[in-house]
Amino acid sequence: MVIVEFLIKLSQGFGIGALALATGLLFGGIARKIMARIQRRYGPPFTQNFMDLFKLLSKGSVSHGWAFDLGLVAGFVPMLAALMFLPIGPFTLFPSDSSLIMIVYLMMMAYLGMAMGVLASGNPNSAIGMSRALMLMAGYEVPFAAVIFSIYFFSKTGYLTQIVAMQSGGFMNWNIVKMPLGFLAVEIVLQGMLGEKPFDQAIAPAEIASGPMVELGGKYLGFGMIQHSVALFLETGIIVDLFLGGAPNFWIFIAKQFVLYFVVVLVDAILPRLRVHEATSFFWKLPLFLGILQAVIVIIQGGVLNV
Amino acid sequence: MKTYNFAALLVGVPLLMAFSIPLFGFISKQLAKWITVLTLTFEFLFSLYILLWHVYPFNVIMGNWVPPFGENLYIGSLATILIVVISFVGLMISIYNLWSAKYGDVVHFALLFLMFVGGSIGLISTGDIFNVFIFMEITGISSYALAAYGPERRALGGAFKYLVISSIGSTLYLFGVLLIYTQLGTLNIAEIAARISQTTPGLLTFAGILLVAGLAVEAELFPFNGWVPDTYTGAINPVSATLSGIGSVGGVYVLIRIVMTVFGKNGNFVSTYGNLDLMTLIAILGTATVVIGELSALVQTNIKKMLAYSSMAQMGLVAMAFSIGSRLGAYAGIFQLINHSIAKAMLFLILGVIVSFGGERVEDMKGLWYKSPFLAVTFTIGALSLLGLPLFGGFWSKFALVDASFQRGGWYDFIMAIVLFASVVEAFYYLKVVGYIFTSKPAVSEKIKVEISPAIPIAAFAILIIAIGIFPQIVSGISYSAAHELTDKMSGYVLNVIPTIVGH
Amino acid sequence: MSSLLALLLVPVTGSIVAAIIQRYRLAERLVSFSTFVVTLLFLIDIRVGDAFTWSLGFLGKNIEMGLQITPLSIFMLYMTIAFGVLLTFFDLTERSKMKSFLLLLTLAASNWIFMATDFLSFFFAWELMGWASILAIFGGRRTAESRHGALYYAMMSIGGSYSMLIGIFLLSNLTGSFSIQQNVSYLVSIMTVHPWWVLGIVSMFFVAFMVKSGIFPFHTWVPYTYGESPDGFVPYLSSVMSKYGIYGFLIFLPLTLSLRNVPGVLGLPWPNYTLVWFGSITAVVGSVLAFMQDDVKKLFAYSSFSNLGFILAAIALFTPIGLTAGLFHAFNHLLFNGAIFITVVAVISKVGITRMSEMGGLWQKMPLTFLTFFVGIASAAGIPPFAGFGSKWMIFQAMISHGLIFATVLLFFASIASFLYLMRAFHAIFLGQLSHKYDNVKEISAIGKITEVFLIGALIFFGIFPGFILDPINSIVGSFGLKPLPTSGYEYINGFFSSVNMVSIFIVVIVAFIFGFLLFAVSAKHKKVPQEDNYTAGQIPKDWNLTPEMYQFSYDFYEPMDKEIAPFLKIKIDGFFKGFGDSVEYLGSSIKEIFTGNVQIYTYLAIGGLVIFVIAGWIVW
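Residues numbered from 1 in each chain as written. Chains lettered and ligands numbered in written order. Predicted model: local features only at pLDDT ≥ 70, side-chain atom pairs only at ≥ 80, totals over all residues.

Asks: Help me get a handle on the overall build of chain C, residues and values and all.
Replies: Along chain C, the regular secondary structure elements total 22 helices and 5 strands. The principal-axis extent of the C-alpha atoms belonging to chain C is close to 105 × 65 × 50 Å. Counting only contacts in chain C whose residues sit at least 6 apart along the sequence, the fraction spanning at least 24 positions is 78%. (Helix = DSSP H or I, 4+ residues; strand = E, 2+ residues; numbered from the N terminus. Contact = placed C-beta atoms within 7 Å.)

If you want it as structure tokens, here you go:
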């Protein structure tokens, strides 16, 4: 019985993973297309990312040792694991286990693994890229924390499923309406999380040779791509659950995610890259201000929790 | 009134043996040294007998002239414990001298040393305010000569300074005694103590000031302690050990006896007759001494000078403890006095061994651990005991001191804060030396070989410090009953000497 | 004989034996290890509620002294002794200059601290621990620096304990007793009448605890001292000794329960609120300063007190979840900090330096140490399913539930910053280019490997089954009169907002890893290349005389952040203490001038003193 249940969960998990990966890749492809159109190019087909991934996984590559291999596998695996706890539309694989902070920290593990892999390659460009990525993270995680705080305090729960449930019953119940400032902060943070301009210092293609990815080739680059796509799905998914009231089905969920991502891509298209310390301190200014303001409003509204 | 005239030997034997030492010296120089050891062994055992068999308190009455008409020695609990300590420290130093006194006039050195110890014991046991002066002079004169002993020129300078300041002190003391005598017509401590309120307050105040000023010289209280650093530094190490382990005990004892017993006015906290509360005066002097001593020691690079300043500061601490005026305060003072006497004497003795192999700068302590683990460990024990750290005797006395001063409250809270700050300073310079001992490799890797005769006293002191640290009861009980002698002068002292007297 | 007494006597006996045979290194280490083991065996026999009393004739009365086991003390005892067993086992083959007898003396003192029922023995044990650890620090790698570090620690520590001494007497004079319980209940009874007295007395104690735990603003000694103490002693210092302060805080924090109805900030009494801020600031200061460090021991010293800040912030709330979170984090900190420091010590013993920018690429040489370190920093960063996640996650929930927005954001920032410095250390020590001078570096000995495997196992085990720790913590929470958090099995962490099933997370991660490795296996083959075979922008490395050291980017890793951090660094608490020390020394050198060596001056002094007395007497007349 347990085994059957396990197998069911396993296959569902695979489904979610595949879906998230496909969505992420698709979003990436669409983004490339949008980008090209903004720049008045034709651009690659929106399925290009799928083809890239298959090509990469099937190409031979060089490895820098077992820490490199382990790190890159550990770079995308926890992302997939975190995905399993995300309420996607009406569906949650583990309904009793959707703690927000846990998901955030599982994503952290993916970054840790990725960092271990690319740093084990021994290329200074990847070290510089990693250092920038971490500094950027020190920037955007702080306003994000303020927003998470507001949501926790407001909803009095830490389960994403319950946060979604509280927003049911129409647009006016969505947290985006109740906590607009927090949403604004998170939308800016999302730009940083996804590493899109003006916060693409970590990759900085023309500057530090793609940063962390400089030594990646073949399947390793493929793993990196999987990580990015799943992270894209996961991060937008979290925001949809937090602010946009979740969704009654997959398609609406994905549509909402796409709206969020679309904004990110548009911003990406028009802004130049900041210097890294400017980016970090930017996050400590406007988004943090918005986040804390939101939290203060929530505290004043909600009063003290009965502990 | 209990009498036990046999105890006159406590004072008599060392003085007698001291003056007969030149005779033994004719036979052999070694014999002179051994005579010192034997005499002090007798002293120690005898006083230990008095302590352990609880013979005290008793009077020694000369020629059946009962006090206040005759001269008497009074050996109460306070005197007993202090005599035990003094004779023990003296015995240890005399054993040490078997090794260290090897140049110059060994015979006269032994004579002076024995005289000094005998004088100190007399100082503590006498019941006559003028005899105090006599014994002060005996110890004084022998200690000037002791301080000048040794091959170094600076010893002479130190001894001369000691002589000058000490003479001023004795003169002041004598004036004070004189004033009291003109008022009361008696020299017996017990009688003066009982009748002190009959004096003119103005004259009494003046006498009190003179006495305190005079005795503060021996008790090493600022500003009468100018001699301390130079004399301690100049003298050879066993003499420094003698001065701080024995001399200062006598000095503080007399000061406290005069102020608390003679001038004391009993209450919740002892204060004194006269217009100026001498206890307050001592508290101020003691605190100033602690601060000045510790701060001066902080910047010393000569370790002997450092110990000298630390000695001064510790005596300030003791005086401050007594000045609290409660039984607990006196208890803490006695306890601290004993701990300091043992620990500081040990440190000077250790230094003597180290100096015989090298310099006496703080840097010379570097790598002592590699040269002689024995000396390193014992030095650390002594230093930690002085700092009041647990497992060592000093912990308990410092704990008691802080307790007493917070029980008194009022401005003693403030004093205690200053004293504790000074203790942090003290911790710094002692731990710095300990750090040098353990961290650095020595410049010269020559091993220090400690012979048996210096090793015995050092080890004995170290064991005693740890024993007190683990079982404070060793000193605690007797100290507490001794404290009673100071805080309740009638039942503690006067009535034991003159049972018939009526307090006024 | 009571086995409580054995907890004191066994370490002391071991210490004496170790002191005697300390010339024989291996024997000394064996004695130290076996003493810890024997102490642990005695501990197994001990139950909550065991007590032992005796009286000491001191201060003219018989002072009742006692040992007693509370749920908190048994928790602390198990933590410290078990960690000590591990550390001394690891140390069997290490060659640091740590003196085992001092470690054992510290153990005796620490056992006593956790069991003491009266302030006299508490203070005795506290000071004993103080000097034993000061002396232990003297044996550091660099002599002069370790002396400075130890003295810095000594000054702060002794200053702190004198402050505590004042507190003890202020208190015992009010109650006439040294018993901790009586004194604390007395404080409770006067809490509403004289709140400022209580505050004053308790803060005297808190200074000592803050110094010991390295809480802001008394954190400045930590990096100096940890950085310079003997390698074998640092893990004990940072994992175990910092917890004494936490234990001390917990003696007095129950006082605030009686303030719950008095208006404070966001439903918290003022003292709690203030302490939460101290904790949060400590966490941030530690984290921020840590990522500027290049010395590995100093870096983790900062990290250590930063985590103590987390613990303090959590326990200061003194709510069920706050207390649980704090104690849980105390345990986790012991484990992961131990793992980190033990691996760091292993690395230092092999490469012989502590500057991280000169290491690099050591994962190739010390794979197991590398993995242990990885698990350690993953736990420290709070990554599930390792230990460390649960406690950090609970701390955040505890803070959020009180609406402490600024403090929470600060803590969160500290947590992210900890990720930064951990990654930086990870990279600089183990990743990147391996310098040729480390070609001969070997993995540590078998004993070290066993320790490391055990640590990895413990970090994962307590990560997946936090209930084994949360159960005793719940009984501690109960013993303080708070309602423990609900329990629902060993694999659950129940927070305020949500609960997490660690086993399900673990299984998901494992399944995902299996999938990941399958994908790795089925996708196209790779070939292994040496580390020189690297992207160099088209240059030929030989033309540029490129060495691995030059191709390693780890010095000043977060240089762009310097500008953002600069305002932080301007606050020089350290400078304040140093300046204070300097002025005391200056004062000393001025005062010393009184003793000129001129006898005339001395005479004038004496006469002057006399004249002043006489005048004073005259005025009073």
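Now that the structure has been shown, we can carry on.
Asks: Let's hear about the overall build of chain B: which residues, and what values?
Replies: The helix and strand tally for chain B stands at 20 helices and 4 strands. A burial count over chain B gives 68% of its 504 residues as buried. Nonlocal contacts in chain B, meaning residues at least 24 apart in sequence, comprise 80% of its contacts between residues at least 6 apart. (Buried ≥ 20, exposed ≤ 12 C-beta atoms within 10 Å, placed from the backbone.)

Asks: Outline the environment of M164 of chain C, supporting the account with residue identities and numerical values.
Replies: Residues and elements named next belong to chain C. Mapped onto the elements of the fold, M164 is located in helix α6 (residues 143-175). C-alpha separation for the pair M164 and G214, spaced 50 residues apart in sequence, amounts to 16 Å. When near neighbours in sequence (up to four residues on either side) are disregarded, M164 contacts F123, M204, F205 and A208.

Asks: Let's hear about the environment of A67 of chain A: which residues, and what values?
Replies: Of note, A67 of chain A is situated in helix α3 (residues 66-83). Spatially, the C-alpha atoms of A67 of chain A and M84 of chain A are 26 Å apart, while their sequence positions differ by 17 residues.

Asks: Residue-level account of the interface of chain C and chain B, with values.
Replies: Note: interface size is frequently given as the accessible area lost on complex formation between the parts. Between chain C and chain B, the residue contacts involve 51 residues of the former and 56 residues of the latter. Elements that contribute at least two residues to the side of chain C that touches chain B include exactly β1 (51-58), α5 (119-137), α6, α21 (573-591) and α22 (599-620) of chain C. Residues of the side of chain C that touches chain B, tallied by class, amount to 33 nonpolar, 14 polar and 4 charged. (Nonpolar A, V, L, I, M, F, W, Y, C, P; charged D, E, K, R; others polar.)

Asks: Just give me the short version of the pairing of β1 of chain C, but keep the residues and values in it.
Replies: Residues and elements named next belong to chain C. Both β1 and strand β2 (residues 61-68) contribute to a ladder of 8 bridges, which runs antiparallel. Pairing of G57 across the sheet is with N62, part of β2. Adjacent in sequence and paired antiparallel, β1 and β2 are bridged by 2 residues, among which L59 carries a positive phi angle near 60°. (Pairing = 2+ DSSP bridges.)

Asks: Go over the interface of chain A and chain C, please, and point to the residues and values.
Replies: Counting residues at the interface gives 71 residues for chain A, matched by 69 residues for chain C. Only β1 (61-63), α3, α4 (100-120), α5 (124-155), α10 (218-243), α12 (276-283) and α13 (286-302) of chain A provide two or more residues apiece to the side of chain A that touches chain C. If one sorts the elements of the side of chain A that touches chain C by residue count, α5 of chain A sits on top with 16 residues. The residue inventory of the side of chain A that touches chain C, partitioned by class, reads 47 nonpolar, 18 polar and 6 charged.

Asks: I'd like a description of the packing of helix α3 (residues 71-91) of chain C against helix α13 (residues 320-351) of chain C, backed by residues and values.
Replies: Residue and element names in this part refer to chain C. Orientation of α3 relative to α13, taken along the N-to-C sense of each, is 10°, at an axis distance of 11 Å. Relative to α13, the element α3 is oriented roughly parallel. In contact with M79, F83, L86 and F90 of α3, α13 contributes F331, L334, G338 and I342. Partitioning the contact of α3 with α13 into residue classes produces 7 nonpolar, 1 polar and no charged. (Axes fitted to C-alpha atoms, helices over the stretch in contact; angles between N-to-C directions. Parallel < 35°, antiparallel > 145°, perpendicular 65-115°, else oblique.)

Asks: Break down the confidence of the model for chain C for me, with residues and values.
Replies: Of all residues in chain C, 98% have pLDDT values of 70 or greater, and the mean over the chain is 84. If you check the scores for this complex, the pTM reads 0.90 and the ipTM reads 0.91. (pLDDT = per-residue confidence, 0-100.)

Asks: Outline the domain arrangement of chain C, listing residues and values.
Replies: Per the domain assignment, the segments of chain C are domain 1 (1-137) and domain 2 (572-620). A C-alpha centroid distance of 43 Å is found between domain 1 of chain C and domain 2 of chain C. (Domains from an automatic or database assignment.)

Asks: Go over the packing of helix α12 (residues 296-317) of chain C against α13 of chain C, please, and point to the residues and values.
Replies: Residues and elements named next belong to chain C. Interaxial distance between α12 and α13 falls to 7 Å at its minimum, and their mutual angle equals 170°. In terms of axis orientation, α12 runs roughly antiparallel to α13. In this structure, α12 uses V296, K297, F300, S304, N307, F310, I311, A314, I315 and L317 to contact α13, whose residues at the interface are G322, L323, A325, G326, H329, A330, H333, N337, I340, F341 and V344. The class makeup of the residues in the contact of α12 with α13 is 13 nonpolar, 7 polar and 1 charged.

Asks: Describe in detail the environment of F399 of chain B, supporting the description with residues and values.
Replies: Residue and element names in this part refer to chain B. Along the polypeptide, F399 turns up in helix α16 (residues 393-408). Judged by the 24 C-beta atoms lying within 10 Å of it, F399 is buried. Put simply, F399 and Y144 are 255 residues apart on the chain and 35 Å apart in space, counted from C-alpha to C-alpha.

Asks: Describe α16 of chain B, naming the residues involved and giving the relevant values.
Replies: Residue and element names in this part refer to chain B. End to end, α16 covers 23 Å across 16 residues, agreeing with the expected 22 Å (1.5 Å per residue, within 8%). The buried count for α16 comes to 15 of 16 residues, which makes it a mostly enclosed element. Taken from the residues just after α16, G409 is the one with a positive phi, measuring 70°. (Expected span 1.5 Å × (residues − 1).)

Asks: Hey, could you go over helix α2 (residues 48-57) of chain A for me, with residue numbers and the actual values?
Replies: Residue and element names in this part refer to chain A. N49, L53, L56 and L57 are the residues of α2 that are buried. The buried side chains of α2 occupy one side of the element, clustering within an arc of 95° when seen end-on. Considering only its buried residues, α2 is in contact with α1 (2-38) and α10. (Arc of directions from axis to C-beta.)

Asks: Hey, could you go over unusual backbone geometry for me, with residue numbers and the actual values?
Replies: Of note, the bond from F222 of chain B into P223 of chain B is cis; its omega dihedral lies within 30 degrees of zero at 0°. With respect to the element layout, P223 of chain B can be found in the loop between α8 (201-218) and α9 (227-234). The omega torsion across F216 of chain C and P217 of chain C is 0°, close enough to zero to call that bond cis. The backbone of L391 of chain B sits at a positive phi, close to 80°, despite the residue not being glycine.

Asks: Provide a residue-level description of the nonpolar core, including the pertinent values.
Replies: Within the largest apolar cluster, 560 residues are counted, with the highest numbers of intra-cluster contacts made by F149 and V230 of chain A, V212 of chain B together with I113, A313 and I315 of chain C. Per-element tally for this core: the top contributor is α5 of chain A, with 21 residues. Each of domain 1 (1-137) and domain 2 (572-620) of chain C accounts for three or more of the residues forming this core. (Core = buried A, V, L, I, M, F, W, Y, C linked by C-beta atoms within 7 Å.)

Asks: Account for the pairing of strand β1 (residues 58-61) of chain B, naming residues and giving values.
Replies: Residue and element names in this part refer to chain B. Both faces of β1 are covered, namely the face carrying F58 and V60 and the face carrying N59 and I61. Bridge count for β1 against strand β2 (residues 72-75) is 4 bridges, and the pairing is antiparallel. Along β2, the bridge assignment pairs F58 with I75.

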